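Examination of the molecular architecture
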Amino acid sequence: MNIAVLGATGSIGTQTLDVVRTCLPRARVKVLTGYRNIPLLDSLVKEFEPELVWVPDDGEDKLIACATHPDIDIVVNALVGKAGLRPTLAAIKAGKDVALANKESLVTAGELIMKLASEHGVRVVPIDSEHSAILQCLQGCNDGNDVEKIILTASGGPFRTWPKERIEKATAADALRHPNWSMGPKITIDSATLMNKGLELIEAKWLFDQPLSKIEILVHPQSIIHSMVQFVDGAVMAQLGMPDMRLPILYALAGSTRVANDFPRLDFLAAGDLTFEAPDTNRFPCLALAKHAAEVGGTLPAVMNAVNEWAVGQFLQDKIDFYGISALIAEAFGSYTVREVTGLADIREAEAWAEEFVQKQ
Ligand code: NAD
Ligand code: MG
């Protein structure tokens, strides 16, 4: 199996390479892309000796060449944000399976991606702990109609127990302290606002072809149950494990087969109680905004995603406060006229509208 790792120097990228090193001796990493961390990229190039490497100076066309390299069987898209969409589409069109960490691709263009994947006979497999859990729970389920609901679990993030007055004053440093997972900065902020769960709701809708009415969000602070599926006979399947992204990565790369490894095991006695809560959209308005975007559909999720990405960047630089993120998205929703998505051009237009909107701030 020949692999391309896009975003090799990031959190998912480096863990993907760790999985290849430790669990997949026959896999070859033939393409790597980096962004800012050039010393790390250099050392990865020395270790894996890929045929093609991309850095931003090379231009976007070469990034597409990386996603479509003729020798590659599977593309791991571990890019962050809207930059991930074109490589996802290009890889699918070139007949590559895609192991997709870049959930923003599905949020902005889920319908296009799933349609293209079925036309080109390729698999789009999630590298997201919840969606990998759902996929594992669905193993052996041959009829989507047997699913009564998908239960998407959420840790609740670092501010789960904070009152609104305290969250209002939260800094980027507070938000970057995630209780269970160590991840890149953008998704860590998305986890604090619960936008991440909203993005995952949309991601689940497209990946598993289920209506929003059949996807429920449940806060589970211990992050041990990674998500569940309830079937029409009332049976509930859950996937449990340590909060370790290497398992979803391995499961995606191994084509839904089980590969032995020595990752840390779940210790039930040490884990203690597993608890559950309803999500609070009053303290976490981004979740309600994402649900709204999911329901309206069309180009609205693309606008939300682009405005959110910009706002998260501003929050990380202490230029806006925590609730400034949701306020900006709500304002964008108020002034944007939603359009149908018939092709990539509609998404480009929505993102251009969002760009103009945020530049006016
Ligand atoms: P990260 O910031 O650690 O890494 C992002 C990578 O993308 C970097 O390697 C960088 O080289 C590259 N990159 C950034 N901007 C780019 C651009 N404009 N063009 C090209 N390359 C660019 O992020 P991450 O935490 O690894 O997240 C990657 C994706 O995986 C995100 O979509 C995130 O939502 C998803 N995800 C991450 C985790 C996790 O545990 N980190 C879990 C689930 C899903
Ligand atoms: Mg997740």
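Here we summarise the structure given alongside this text. (Residues numbered from 1 in each chain as written. Chains lettered and ligands numbered in written order. Predicted model: local features only at pLDDT ≥ 70, side-chain atom pairs only at ≥ 80, totals over all residues. Heavy atoms only, no water.)

Turning our attention to the packing of aromatic side chains. Two aromatic rings are characterised by how far apart their centres lie and by the angle between their planes. Under the defined criterion, the tally for this structure stands at six aromatic pairs. Centre to centre, the rings of F159 and F322 are 5.3 Å apart; their planes meet at 80 degrees, and the pair counts as edge-to-face. With F159 in the loop between strand 7 (147-154) and helix 7 (164-168) and F322 in helix 15 (residues 322-335), this residue pair connects regions lying 163 residues apart in the sequence. Taken as a pair, F159 and F322 share a single burial class, namely buried. An angle of 10 degrees between the planes, with centres 5.3 Å apart, marks the rings of W353 and F357 as stacked. Here the residue W353 and the residue F357 both occupy positions in helix 16 (residues 344-359), the gap between them amounting to four residues, near one helical turn. Lying across the ring of W162, R166 places its NZ or CZ 3.6 Å from the centre. (Phe/Tyr/Trp six-rings, centres within 6.5 Å; stacked < 30°, edge-to-face > 60°. Helix = DSSP H or I, 4+ residues; strand = E, 2+ residues; numbered from the N terminus. Buried < 20%, exposed > 50% of the residue type's maximum accessible area, 1.4 Å probe, protein only. Lys NZ or Arg CZ within 6 Å of the ring centre and 35° of its normal.)

The full count for this structure, using the stated rule, is one cavity of 30 Å³ or more. Reported here for the largest cavity is a volume of approximately 40 Å³. Those elements that place two or more of their residues in the lining of the largest cavity are helix 13 (285-296) and helix 15. Looking at which element gives the most residues to the lining of the largest cavity, the answer is helix 15, with four residues. Classifying every residue of the lining of the largest cavity gives six nonpolar, two polar and no charged. (1 Å grid on protein atoms, 1.4 Å probe; cavity = no way out; pocket = protein on both sides within 12 Å on 5 of 7 lines; lining within 4 Å. Points joined across faces, edges and corners; volume = space filled by probe spheres on them. Nonpolar A, V, L, I, M, F, W, Y, C, P; charged D, E, K, R; others polar.)

Turning to the pairing of strand 4 (residues 74-77), a few remarks are in order. Of the two faces of strand 4, both are covered, the one formed by I74 and V76 as well as the one formed by V75 and N77. In the sheet, strand 1 (residues 2-6) pairs with strand 4 via four bridges, with the strands oriented parallel. Counterpart to A4 in the pairing with strand 4 is V75. Pairing of strand 4 with strand 5 (residues 97-100), which is carried by four bridges, proceeds in the parallel orientation. Counterpart to I74 in the pairing with strand 5 is D97. Each parallel crossover has a hand, and the one from strand 4 via helix 4 (residues 85-93) to strand 5 is right-handed. (Pairing = 2+ DSSP bridges. Right-handed = clockwise from strand over helix to strand, strands pointing away.)

This part covers the coordination of the magnesium ion (ligand 2). The textbook angles at a metal center are 109.5 degrees for a tetrahedron of four donors and 90 or 180 degrees for an octahedron of six. Protein coordination of the magnesium ion (ligand 2) is provided by D128 (OD), E130 (OE) and E200 (OE), with donor distances spanning 2.0 to 2.1 Å. Counting along the primary sequence, the residues that act as donors to the magnesium ion (ligand 2) give the motif D-x1-E-x69-E. The pair formed by D128 and E130 is uniform in burial state, with each residue classed as buried. (Donors = N, O, S within 2.8 Å, 3.2 Å for Na, K, Ca; no water.)

Before going further, it helps to spend a moment on the environment of E104. Looking at where E104 falls in the secondary structure, it is placed in helix 5 (residues 103-120). Note on E104: relative accessible area 7%, which makes it buried. Sequence separation between E104 and W353 is 249 residues, and the spatial gap between their C-alpha atoms is 17 Å. Other than its neighbours up to four places away in sequence, E104 contacts V80, G81, K82, K186 and N305. A polar contact is formed between the side chain of E104 and the backbone nitrogen of G81, at a distance of 3.3 Å. (Contact = heavy atoms within 4.5 Å. Polar contact = N/O pair within 3.5 Å; in protein donor to acceptor, adjacent residues only side chain to side chain.)

Near ligand 1 there are 23 residues, and of these S11, I12, Y35, E104 and G184 occur at the shortest range. Measuring from an oxygen atom of ligand 1, one finds a backbone N or O atom of G10 at 2.9 Å. The separation between an oxygen atom of ligand 1 and a polar main-chain atom of S11 is 2.8 Å. For ligand 1, whose accessible area on its own is 820 Å², the fraction buried by protein is 88%. Put simply, the parts of the chain that give the shell around ligand 1 at least two residues each are helix 1 (11-23), helix 5 and helix 9 (185-193). Class assignment of the residues belonging to the shell around ligand 1 gives a composition of 13 nonpolar, seven polar and three charged. (Near = heavy atom within 4 Å. Areas by Shrake-Rupley, 256 points an atom, 1.4 Å probe, with all protein chains shown as cover.)

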